[in-house]
Amino acid sequence: QVQLVESGGGLVQPGGSLRLSCVASGISIVFYAMDWYRQAPGKQREFVARVGRTGSPTYTESVRGRFTIFRDNAKNTVYLEMSGLKVEDTGVYYCSTNTGATEHWGQGTQVTVSA
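Residues numbered from 1 in each chain as written. Predicted model: local features only at pLDDT ≥ 70, side-chain atom pairs only at ≥ 80, totals over all residues. Heavy atoms only, no water.

A.B. asks: Got a minute to help me understand the nonpolar core in this structure?
C.D. replies: Most often, soluble globular proteins have nonpolar side chains that are buried together. Grouped together as the largest cluster of nonpolar side chains are 25 residues, with contacts concentrated most on W36, L80, M82 and Y93. With four residues, the single largest contributor to this core is strand β3 (residues 18-25). In this view, M82 contacts G16, S17, L18, L20, R66, F67, Y93 and V111; residues no more than four positions away in its chain are not counted. (Core = buried A, V, L, I, M, F, W, Y, C linked by side-chain atoms within 4.5 Å. Buried < 20%, exposed > 50% of the residue type's maximum accessible area, 1.4 Å probe, protein only. Helix = DSSP H or I, 4+ residues; strand = E, 2+ residues; numbered from the N terminus. Contact = heavy atoms within 4.5 Å.)

Quick look at the structure:
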């Protein structure tokens, strides 16, 4: 019943920008912190960013200053705005939240940074 659907991925050149969206259904995200993770080919899934219930952001060091996570509770949507993209940012980006009983994950959206 709970669904998280990511969108906005694509191919972008190094230094470019992209905005990812995560639209939730089956829950009201106002009650939860929302996370973005990513997984590069051959690597483990890694934490990217979190936005708390009140909007406070947390970032992994490698994206701090380049990425911005924010939420629009009225639209039940979480965003990840990425700028100054690097080749090493390439991967599948996943939206996630923990509702207490269950971890929920989206299907992911592919981000490819390449010249």
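Having seen the model, we can carry on.
A.B. asks: Any chance you could explain the sheet that holds strand β8 (residues 77-82) here in plain terms?
C.D. replies: The strands that make up a sheet pair up through hydrogen bonds in the backbone, lying either parallel or antiparallel. The antiparallel open sheet is built from four strands, whose spatial order is β1-β3-β8-β7. Since the sheet does not close on itself, it has two edges, and those belong to β1 (3-7) and β7 (67-72), each with one partner. Put simply, the sheet's adjacent strands are angled 15 degrees from each other on average, direction ignored. Where β3 meets β8, six bridges bridge the pair, whose relative direction is antiparallel. Within the sheet, the bridge partner assigned to S21 lies in β8 and is Y79. (Pairing = 2+ DSSP bridges. Axes fitted to C-alpha atoms, helices over the stretch in contact; angles between N-to-C directions.)

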